[in-house]
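A closer look at the structure
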Amino acid sequence: MPAKIIDGTKIARLVRAEIRDRTKALLANHGIKPGLAVIMIGENPASVVYVRNKVRACADVGISSQVFNFSANVSEAEILDCIRQLNEANNVHGILVQLPIPEGISVQHILETISIDKDVDGFHLYNVGGLVAGDAIFPPCTPYGVQKLLEYEGIELEGRNVTVVGASNIVGKPMALMLMRKEATVAICHAKTRDLAQYTIIADILVVAAGKPNLILPQMVRSGAVVIDVGINRLPDGRLVGDVDFEGVRQKAAYITPVPGGVGPMTVTMLLHNTVASAERIAARAGRAPAFDQAASG
Ligand code: GUN
């Protein structure tokens, strides 16, 4: 029997409905409208589309958004200055700098300047460290979205073999950490892995984020596996595909995510989730009695 197709668009809609309820509650109970600030440097065509989607998604759930557009030759100092102002802005609860950014500006400097309380991408070293220790404030959005998809489908992780293909800071590495936290046994493969198939074939759950169309063929997948395709590749004929041979692998897997309509909608949804969670944290902190704060700080 062909695999069940995991409908990321439908699950994203359900999660967004919960987020909408939370933004309404924040406004009703605390007078706070969650706000996201997006910094965009240059005009990378894919980034333009991603940012437009983020802005639309914010409006859909009651989050206000502002986009700060900078030309590709802006100085690093100007960007860091903008981030510092946003760190202080009361109406901003999440800040993200859309990646990639032009050469000449340090990603590291940018990420370490974003306040850890507003780091809704989860890329600040503090949040990365939190993930390693098993307690991140803001889990990075794409792996968090994959975790939610697995949760909604009732797929157990404890004790299962998971193979993650791709070891990026944005997807592969945090994904592996999050799955370890759920007590899965995790293997991480990357561009230098020899004989990729020996790792993919043992996976009960296979997460692929390598950026290579048709990297995963049916003979590399165990019968009954769960296959999560994080890849987004534009073919010369204009079609959008993932990293998995979808038609071939779906004959063998138990579950599979399509591209588009699988992980993609969840990434933006978890950004909304982190932004609302950030506004809730800030509201909770503001609501605490000052005497308590003083006592707590000694
Ligand atoms: N570029 C591609 N994915 C992402 C993401 O999740 N966050 C940011 N800031 N930039 C990206």
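As shown above, the structure is provided for reference.
First things first, this report covers the structure right here in the doc.

Calculation notes
- Residues numbered from 1 in each chain as written.
- Predicted model: local features only at pLDDT ≥ 70, side-chain atom pairs only at ≥ 80, totals over all residues.
- Heavy atoms only, no water.
- Helix = DSSP H or I, 4+ residues; strand = E, 2+ residues; numbered from the N terminus.
- Rg over C-alpha atoms; globule rule 2.2 N^0.38 Å.
- Buried < 20%, exposed > 50% of the residue type's maximum accessible area, 1.4 Å probe, protein only.
- Contact = heavy atoms within 4.5 Å.
- Lys, Arg positive; Asp, Glu negative; His and termini not counted.
- Salt bridge = Lys/Arg side-chain N within 4 Å of Asp/Glu carboxyl O.
- Polar contact = N/O pair within 3.5 Å; in protein donor to acceptor, adjacent residues only side chain to side chain.
- Near = heavy atom within 4 Å.
- Areas by Shrake-Rupley, 256 points an atom, 1.4 Å probe, with all protein chains shown as cover.
- Nonpolar A, V, L, I, M, F, W, Y, C, P; charged D, E, K, R; others polar.

A few words on the overall build of the protein chain. Regarding its fold elements, the protein chain presents 11 helices and 11 strands. The C-alpha atoms of the protein chain give 20 Å as radius of gyration, which agrees with the globular expectation for 298 residues (19 Å, within 12%). Viewed in the frame of its principal axes, the protein chain has a C-alpha envelope of about 60 × 45 × 35 Å. Burial status across the protein chain gives 48% buried among its 298 residues. Put simply, of all contacts in the protein chain between residues at least 6 apart along the chain, 71% involve residues at least 24 apart.

With respect to the helices and strands, Asp229 occurs in strand S8 (residues 226-229). In this structure Asp229 is buried but unpaired, with Arg239 as the nearest side chain of opposite charge at 11 Å. Only 2.9 Å separates the side chain of Asp229 from the backbone nitrogen of Asp243, close enough to count as a polar contact. Once residues lying within four places of it in the same chain are set aside, the contact partners of Asp229 are Val208, Gly242, Asp243, Val244, Thr257, Val259 and Val263.

Moving on: helix H7 (residues 172-181). Working note: α-helix, 3.6 residues per turn, so residues spaced by three or four point in the same direction. Inspection of H7 places Gly172, Pro174, Met175, Ala176, Met178 and Leu179 among the buried residues, and these make up the whole buried set. If you follow the buried residues of H7, they end up packed against helix H5 (125-133), helix H6 (141-152), strand S5 (161-165), strand S6 (185-189) and strand S7 (205-208). Trailing H7 by a residue or two, Glu183 shows a phi angle of about 70 degrees, which is positive.

If you check the shell around the ligand, you find Leu96, Val97, Gln98, Leu99, Asp121 and Phe123 and nothing else. Leu99 is positioned with one of its backbone polar atoms (N or O) 2.9 Å from a nitrogen atom of the ligand. With respect to the ligand, the side chain of Asp121 contributes an N or O atom lying 2.6 Å from a nitrogen atom. About the coverage of the ligand: the protein hides 83% of its 280 Å² of free accessible area. Its residues placed into classes, the shell around the ligand shows 4 nonpolar, 1 polar and 1 charged.

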